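Remarks on the overall topology
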Amino acid sequence: MIADEMDKTFCGKCEEKWRQAEELCLVEYRGQPTVMLEDNDSTDGYVGAVLFSVYYIPSESRSVQSRLIFSLKRLAQRRACRFAAHVLAEMIKSEASFMCCGEETKKSAVITWIPRSSTAITEYGFDHMERVARQLSEELGVEYLPLLGRTRFAFEQKSLSVDERYQNAENTLYFNGKYHISGKDIILIDDIMTSGASVHRAAKLLLAAGARQVVTAVIARSEDAQDS
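Throughout, a residue's number is its position along its own chain's written sequence, starting from 1. Two thresholds apply to this predicted model, a pLDDT of at least 70 for residue-level local features and 80 or more for giving and counting side-chain atom pairs, whereas whole-chain, interface and lining totals are computed over all residues. In computing side-chain values, all of the structure's heavy atoms are included and hydrogens and water are not.

Here we take up the packing of aromatic side chains. Note on aromatic contacts: the rings of Phe and Tyr and the six-membered ring of Trp form a pair at centre separations within 6.5 Å, being stacked when their planes are under 30 degrees apart, edge-to-face when over 60 apart, and tilted otherwise. This structure, assessed with the given rule, holds 2 aromatic pairs. Here Trp 113 and Tyr 144 contribute two aromatic rings whose centre-to-centre distance is 6.0 Å and whose plane-to-plane angle is 45 degrees, an arrangement assigned as tilted. In this pair, Trp 113 sits in strand S4 (residues 109–113) while Tyr 144 sits in strand S5 (residues 143–144), placing the two residues 31 residues apart along the sequence. For every residue, the accessible area obtained with a 1.4 Å probe (protein chains only) is divided by the maximum for its type, and the residue is called buried under 20%, exposed over 50%, and partly exposed between those limits. For Tyr 144, a relative accessible area of 26% corresponds to the partly exposed category. Residues Tyr 124 and Phe 126 carry aromatic rings whose centres are separated by 6.4 Å and whose planes lie at 45 degrees to one another, so their mutual orientation is tilted. What counts as a helix is a DSSP run of H or I of at least four residues, what counts as a strand is a run of E of at least two, and both are numbered from the N terminus.

Across the interface, helix H3 (residues 64–75) lies against helix H4 (residues 78–95) with an axial gap of 9 Å and an inter-helix angle of 120 degrees. When the axis of H3 is compared with that of H4, the two are oblique. Handedness of the crossing formed by H3 with H4: left-handed. Contact with H3, carried on its side by Leu 68, Ser 71 and Leu 72, involves Ala 80, Cys 81, Phe 83 and Ala 84 of H4 and no other residues of that element. A breakdown of the residues in the contact of H3 with H4 according to their chemical character gives 6 nonpolar, 1 polar and no charged. Angular values range over 0 to 180 degrees, each being the angle between N-to-C directions of two axes fitted as lines to C-alpha atoms, with helices fitted over their stretch in contact. Each angle is binned into one of four classes, with values under 35 degrees roughly parallel, values over 145 roughly antiparallel, values of 65 to 115 roughly perpendicular, and all other values oblique. Left-handed describes a crossing whose near helix is turned anticlockwise from the far helix through less than a right angle; right-handed describes the clockwise counterpart. Any two residues whose heavy atoms approach within 4.5 Å at even a single point are treated as in contact. Any residue outside Ala, Val, Leu, Ile, Met, Phe, Trp, Tyr, Cys, Pro, Asp, Glu, Lys and Arg is labelled polar, Gly included; the first ten of those are nonpolar and the last four are charged.

Close inspection of predicted coordinates is inappropriate for parts of the model with low pLDDT. Confidence of the prediction at every residue is given by pLDDT, a number between 0 and 100. Across the protein, pLDDT averages 76, with 67% of residues at or above 70. Ranking the helices and strands of the protein by mean pLDDT puts S5 first, with 96, and helix H1 (residues 2–6) last, with 40. Across residues 1–7 the pLDDT falls below 50, and counting only partners more than four positions away or on other chains, this stretch makes 1 contact in the model. Note that residues 38–43 has pLDDT below 50 and, in this model, 6 contacts with residues that lie over four places away or in other chains.

Before going further, it helps to examine H4. An α-helix turns once every 3.6 residues. As a result, residues three or four positions apart point the same way. Each helix should span, by expectation, one fewer than its residue count multiplied by 1.5 Å. Look at H4: 26 Å from first C-alpha to last across 18 residues, which is about the 26 Å you get at 1.5 Å a residue. Turning to H4, its buried residues number three or more, namely Arg 79, Ala 80, Cys 81, Phe 83, Ala 84, Ala 85, His 86, Val 87, Leu 88, Ala 89, Met 91 and Ile 92.

Two elements in contact, H4 and helix H7 (residues 128–140), have axes separated by 8 Å at closest approach and are oriented at 50 degrees. Comparing the axis directions of H4 and H7 gives the class oblique. Crossing of H4 over H7 shows right-handed handedness. Contacts between H4 and H7 involve Cys 81, Arg 82, Ala 84, Ala 85, His 86, Leu 88, Ala 89, Ile 92 and Lys 93 from the former and Arg 131, Val 132, Gln 135, Leu 136, Glu 139 and Leu 140 from the latter. Tallied by class, the residues present in the contact of H4 with H7 amount to 9 nonpolar, 2 polar and 4 charged.

Each regular strand shows side chains that alternate between the opposite faces of the sheet. The buried count for strand S8 (residues 185–193) comes to 9 of 9 residues, which makes it a mostly enclosed element. Being paired, for any two strands, means DSSP has found at least two bridges between them. Where S4 lies against S8, 5 bridges are found, and the strand directions are parallel. If you follow Ile 111 over to S8, its bridge partner there is Ile 187. By the bridge criterion, 8 bridges tie S8 to strand S9 (residues 213–221) in an arrangement that is parallel. Along S9, the bridge assignment pairs Leu 188 with Thr 216. Seen with the strands pointing away from the viewer, any crossover whose path from the first strand over the helix to the second strand runs clockwise is right-handed. With helix H9 (residues 197–208) bridging S8 and the parallel S9, this β-α-β connection has right-handed handedness.

Structure (structure tokens):
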């Protein structure tokens, strides 16, 4: 019926149930090269963090990855948040061994995210990765907590060189001391990894606070500092 076609919620390519799913298709998303960094020298300095299934975000602004990041960071679209959480959940369930060990083991896991700078929150009015963490918590059945914070003097990473990014992350990211995570498995999520500075700093903070391990899942990887 015409009415059914107008209310279509399934993507013809990936068959996922998302309204207007063709705009954010899992088939197209997975079509980009995947960079596996687990147990690799590339993670040197991450102090035990596992960085896996990081998707390359191409420079073409019309790509699925680019549209997804734009929808998250600028618009905070609910559909984009759900899509991003679904992609992250798939990666985590396939790569994080503790997610396959039953409900009791999952109770020791906590989802957290790298917070947005206060400047960006003031400009856009929201922290997009907090919204993704909330959706991811529902998908995985794992608690989410704001374990990390940024000082009010933090710069947006996209405006900085690689060296400045590491210094900015070192000086402004901090662990929220009101939470106790000793022995916990932490799922750390972020939108884009370019230099890895924020992930590097966050993993160090979480492990220093007593986390048993830090598993990091990133929506996209950019090789161009201007993309993040």
